[in-house]
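# Observations on the model geometry
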Amino acid sequence: MKALSTNHQNGLHGVLQVPGDKSISHRSIIFGAISHGDTEVSHFLSSEDCMTTLHAFQALGVSIEHSDDQVLVHGVGLKGLSQPRQPLNMGNSGTTTRLMIGLLSGQPFPTKLFGDQSLSRRPMKRVTTPLSQLGAGFSTTEGRLPITVDGCPTLRPVNYHLPVASAQVKSALILAALQADGWSTIIEKQQTRDHTEIMLNAFGGEIQKNGLILQVKGHPQLSGQRVTVPGDMSSAAFFIAAAVLQPGSEIVLKHVGLNPTRTGFLRVLQRMGATIAIENQTMHGEFAGDVIVRSSALHSVQITSSDIPDIIDELPLLALMATQAEGTTTITGAEELRVKETDRIAVVTEELRKLGAVITELPDGMIIKGRTPIVPQGTSCVDSHGDHRIGMMLAVAALSVAGDLSLANDAAIRISYPDFFADLDQLTGGFAR
Ligand code: S3P
């Protein structure tokens, strides 16, 4: 249980560099491992999820040196992985699991994967169904973990139309297609984050993109690279939200990843009336830049399915922002939220109602009536339900609470942002309570 910083009246101020991007950190280990030569990663996110990926590749026989936010991966090539001695523990990480299932599909040995309670509830058929078409075999527990991947070293190329908008599923298929004989075609339902495609290109692979159609060549010669991971927009989002909501704030977040498939949160906030500026843009494979945020009054917004992939991880925060916006916000087309680390529609509704929000749950989203003061309703405790993003969203909400508020299951925050509370304290000037 963690006592949250409440009674905050002075706004957020200062300059901060948020930790490395989680999606890119995972992929830097994966591509480093399956390339020849060394890959040096800087500003790596050493959070529980990314360490799950790092440890899994060590168990697959890859030598990896790690200290602080620096990683050195001694790549073994696509054919150099070895059978792990024990089942691989995927912890809480959906990204590790799905990308690993894709990669292991083309390996000449079986591997068993298991995970924690939350991960063991999440759907895996979305990857095993298309990967079976390439020739891999799977034994699952009703489409969930634990799962054994029976790798097939002679995979067939695939032509697959993704039924869900998911970068994890797309990436699993790309990693399998790298081990197939010939060109595979993967057609996305909607554009999702494209870090896998960008990194594959940078490591020497061949991937062509035409609208939503991707073509991937099998058996590329990948060589190790230097990767500097930009700051994680999905982590920056918590401070952006806090600065917008707390009057008198002005913050600068340095070198945040600005890949357009990840900046939907900024676009939606601007539609709600927020003042956000970008400076010092750079482009080294991925766009990055400094994000400058000031507090602003917000109005409601309509969020529909075409917005969702670019804001998928920021929707809990947007629900909080909507409680502080004038008018009624509607979020639809977000049914994927129900199969994240928690059912994020149910959990956001339950937890924000504890703070006075007026929310109607929809099968695929929420209707949120603003503005409602953030006031605990007969409780002094909110709960992350073991979901890192819910925990951090509630810590942002707490800044507006007059009185005490505690967070149950705060340890979940280590999944993506181990130093979150220290960084929040830096911008808020420490505990106001
Ligand atoms: C991720 C993709 C998204 C996102 C997750 C990370 C990735 O999941 O929610 O946090 O790194 O590919 P889906 O692809 O399942 O939507």
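Worth saying up front: this structure is predicted, and the values here are computed from it rather than measured. (Residues numbered from 1 in each chain as written. Predicted model: local features only at pLDDT ≥ 70, side-chain atom pairs only at ≥ 80, totals over all residues. Heavy atoms only, no water.)

### With respect to the site of the ligand
Around the ligand, a shell composed of Ser 23, Arg 27, Thr 95, Arg 98, Ser 166, Ala 167, Gln 168, Arg 193, Ile 312, Asp 313 and Lys 340 is seen. In the environment of the ligand, an oxygen atom lies 2.8 Å from a nitrogen or oxygen atom belonging to the backbone of Ala 167. Within the contact set of the ligand, an oxygen atom lies 2.7 Å away from a side-chain nitrogen or oxygen of Lys 340. For the ligand, whose free accessible area comes to 390 Å², the fraction covered by protein is 94%. Looking at the shell around the ligand, the elements that each hand over two or more residues are helix 1 (22–34), helix 3 (94–104) and helix 5 (167–177). Its residues assigned to classes, the shell around the ligand shows 2 nonpolar, 4 polar and 5 charged. No fewer than three residues from each of domain 1 (2–18 + 230–428) and domain 2 (22–228) sit in the shell around the ligand. (Near = heavy atom within 4 Å. Polar contact = N/O pair within 3.5 Å; in protein donor to acceptor, adjacent residues only side chain to side chain. Areas by Shrake-Rupley, 256 points an atom, 1.4 Å probe, with all protein chains shown as cover. Helix = DSSP H or I, 4+ residues; strand = E, 2+ residues; numbered from the N terminus. Nonpolar A, V, L, I, M, F, W, Y, C, P; charged D, E, K, R; others polar. Domains from an automatic or database assignment.)

### Some remarks on helix 11 (residues 388–398)
Burial of helix 11 is extensive: 11 of the 11 residues sit out of reach of the surface. Inspection of helix 11 places His 388, Arg 389, Ile 390, Gly 391, Met 392, Met 393, Leu 394, Ala 395, Val 396, Ala 397 and Ala 398 among the buried residues, and these make up the whole buried set. Its side-chain oxygen 3.1 Å from the backbone nitrogen of Arg 389, Asp 387 forms the N-cap of helix 11. (Buried < 20%, exposed > 50% of the residue type's maximum accessible area, 1.4 Å probe, protein only.)

### Points about the sheet that holds strand 1 (residues 2–3)
One open sheet holds the 3 strands; their spatial order is 1-24-23, and the pairing between them is mixed. Edge strands, defined here as strands with exactly one partner in the open sheet, are strand 1 and strand 23 (381–383). Where strand 1 and strand 24 (residues 406–408) come together, 2 bridges link them in antiparallel fashion. In the strand pairing of strand 24, Lys 2 is matched with Leu 407. (Pairing = 2+ DSSP bridges.)

### Examining the domain arrangement of the protein chain
Assigned domains of the protein chain: these are domain 1 (2–18 + 230–428) and domain 2 (22–228). Relative to domain 2, the C-alpha centre of domain 1 lies at a distance of 29 Å. Residue-level contacts link 27 residues of domain 1 with 24 residues of domain 2. Interface area for domain 1 against domain 2, summed over the two sides, is near 2,100 Å², with a carbon-plus-sulfur share of 46%. (Contact = heavy atoms within 4.5 Å. Buried area = accessible area lost by both parts, 1.4 Å probe.)

### A short note on the environment of Gly 37
With respect to the helices and strands, Gly 37 occurs in strand 3 (residues 36–42). Judged by its relative accessible area of 38%, Gly 37 falls in the partly exposed class. Each C-alpha atom, one on Gly 37 and one on Leu 407, is 45 Å from the other, the two residues being 370 residues apart in sequence. Among residues more than four places away in sequence, those in contact with Gly 37 are Val 73, His 74, Gly 75 and Gly 224.

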